[in-house]
Amino acid sequence: MINTVSISANSNDRFRIADVAKNWFFRERRGAPVLTVLILFFCSFTVCYAAKVDTLSVPSHSMNKGIKTVVILPQNYSKEINYPVLYLLHGYSGNYSNWIKNSSMGALVDQYGYVVVCPDGGFGSWYWDMPNDKNYQYETFVSKELVEYIDQHYSTIKTRDGRAITGLSMGGHGALSLAIKHQDIYGAAGSTAGGVDFRPFPMNWEIKDRIGNYADVPQEWDSRVVINMVPKLVNNKLRLMIDCGKEDFFYAVNVALHDKLMYHNINHTFVTSEGGHNWEYWSRSIVYQMAFFKGYFGESEKNKNKK
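Attention in this report is confined to the structure presented alongside it. These numbers come from a predicted model, not from an experiment.

Looking only at helices and strands, the protein features nine helices and 11 strands. Counting the 307 residues in the protein, one finds 57% classified as buried. Considering only intrachain contacts with a sequence separation of at least 6, the fraction spanning at least 24 residues in the protein is 73%. With an accessible surface of roughly 13,100 Å², the protein has 49% of that area assigned to carbon and sulfur atoms.

Given below as structure tokens:
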């Protein structure tokens, strides 16, 4: 089932964590879990949290350097429990600390009870492996080296059912493209205001410096945009959550991705609301992204117990 939700909100709205969580739930319909979304918005709030934040330098053998990474653990984290993990990617010109500094990430981790990992993805890597640049092997780092490191050093669910990945802007592109390429690693993926098709912006974000001018090598650009990866999806194998603000310059390409997923009968959740390409929007959108993944992890655990 395809879920499309439009939310009306203004610049002062914030989502109350507990109320949002209560309004995301799964129910069985014709043998398949369907996410029913009833997202309500409320006035601003302040939450104190006790989540533990580790700042690490994770070794990358592919790039021969350490990559700064933030790991956020719920306040009741115990080595006796295996936790799901959400890999959360930053955008262009950002870094590993963006999410913890600019959102209520600690409170959300405490509320939902899973681990969040925020790696540094470089100034403008787009989370690619570049054949001729050893400093840009971010696909290998995020989807192989980082996952292996986290599974070795933390108490995690070490299967795709216990892993999800999402991100903002460049990180939204990265999350969806990595998940589609590595469906053996991730069971769910999301994007908030993601650059899911950057071909309308051929001069922006150093992309041409990485893969060449669009006019010269259009096939290179075509092969890298998320919207062209949709045929690689099998319905319901990868749980998907996409959102974008209506004033965002990426809004049109996100709507196009939603339309293409519908055309190919790929179940997904698509959320739109008022907002632009900024932290004012992302600090709201991450609340319902994380609620979605809480639902996914809960469904995976329920299905495992049935076997």
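Moving on: the pattern of salt bridges. Taken as a whole, this structure holds 11 salt bridges when the rule is applied. The partner of Lys52 in a salt bridge is Asp54, and the shortest N-O contact between them spans 3.8 Å. A salt bridge links Glu206 to Arg210, with the shortest nitrogen-to-oxygen separation between them at 3.6 Å. Because the salt bridges share partners, they merge into one network encompassing Asp197, Arg199 and Asp222.

Mapped onto the elements of the fold, Gly94 is located in the loop between β6 (85-89) and α2 (98-102). In sequence terms Gly94 and Asp120 are 26 residues apart; their C-alpha atoms lie 8.1 Å from each other.

Backbone geometry follows two general trends: most residues other than glycine have a negative phi, and most peptide bonds adopt the trans configuration. Positive phi values are uncommon outside glycine, yet Trp126 reaches one of about 55 degrees. Position of Trp126 among the secondary structure elements: in the loop between β7 (115-119) and α4 (138-153). Overall, the relative accessible area of 1% leaves Trp126 in the buried class. Residue Trp205 is not a glycine yet carries a positive backbone phi of 60 degrees. Considering the arrangement of structural elements, one finds Trp205 in the loop between β9 (188-192) and α6 (207-211).

Turning to helix α5 (residues 170-181), a few remarks are in order. With 12 residues, α5 extends 16 Å between its outermost C-alpha atoms, agreeing within 8% with the 16 Å of an ideal straight helix rising 1.5 Å per residue. With 11 of its 12 residues buried, α5 lies for the most part within the structure. When α5 is considered as a whole, its buried residues turn out to be Met170, Gly171, Gly172, His173, Gly174, Ala175, Leu176, Ser177, Leu178, Ala179 and Ile180.

The end-to-end C-alpha distance of helix α8 (residues 251-263) is 18 Å, a good match for the 18 Å that 13 residues give at a rise of 1.5 Å each. Within the span of α8, buried status applies to Val253, Asn254, Leu257, His258 and Leu261. Viewed along the axis of α8, the buried residues span an arc of 150 degrees, placing them on a single side of the element. What points out from α8, more than 90 degrees from its buried face, is the exposed set Ala252 and Tyr263. Just past α8, the residue Asn265 takes up positive phi, approximately 60 degrees.

Moving on, we come to the packing of aromatic side chains. The geometry of two aromatic rings is summed up by the distance between their centres and the angle between their planes. The tally for this structure, following the rule as stated, stands at 22 aromatic pairs. Their ring planes at 65 degrees and their centres at 4.8 Å tell us that Phe249 and Phe250 sit as a pair that is edge-to-face. Take Phe249: its relative accessible area is 41%, and that puts it in the partly exposed class. Residue classification places Phe250 among the buried positions, given a relative accessible area of 1%. Here the aromatic cluster, defined as three or more aromatic residues joined through ring pairs, consists of Trp126, Trp128, Phe198, Phe201, Trp205, Tyr214, Trp221, Phe249 and Phe250. The side chain of Arg224 reaches across the aromatic face of Trp128, ending 4.7 Å from its centre.

Basis of the calculations
Residues numbered from 1 in each chain as written. Predicted model: local features only at pLDDT ≥ 70, side-chain atom pairs only at ≥ 80, totals over all residues. Heavy atoms only, no water. Helix = DSSP H or I, 4+ residues; strand = E, 2+ residues; numbered from the N terminus. Buried < 20%, exposed > 50% of the residue type's maximum accessible area, 1.4 Å probe, protein only. Contact = heavy atoms within 4.5 Å. Areas by Shrake-Rupley, 256 points an atom, 1.4 Å probe, with all protein chains shown as cover. Salt bridge = Lys/Arg side-chain N within 4 Å of Asp/Glu carboxyl O. Expected span 1.5 Å × (residues − 1). Arc of directions from axis to C-beta. Phe/Tyr/Trp six-rings, centres within 6.5 Å; stacked < 30°, edge-to-face > 60°. Lys NZ or Arg CZ within 6 Å of the ring centre and 35° of its normal.

Taken by themselves, the reported measurements are silent on function.
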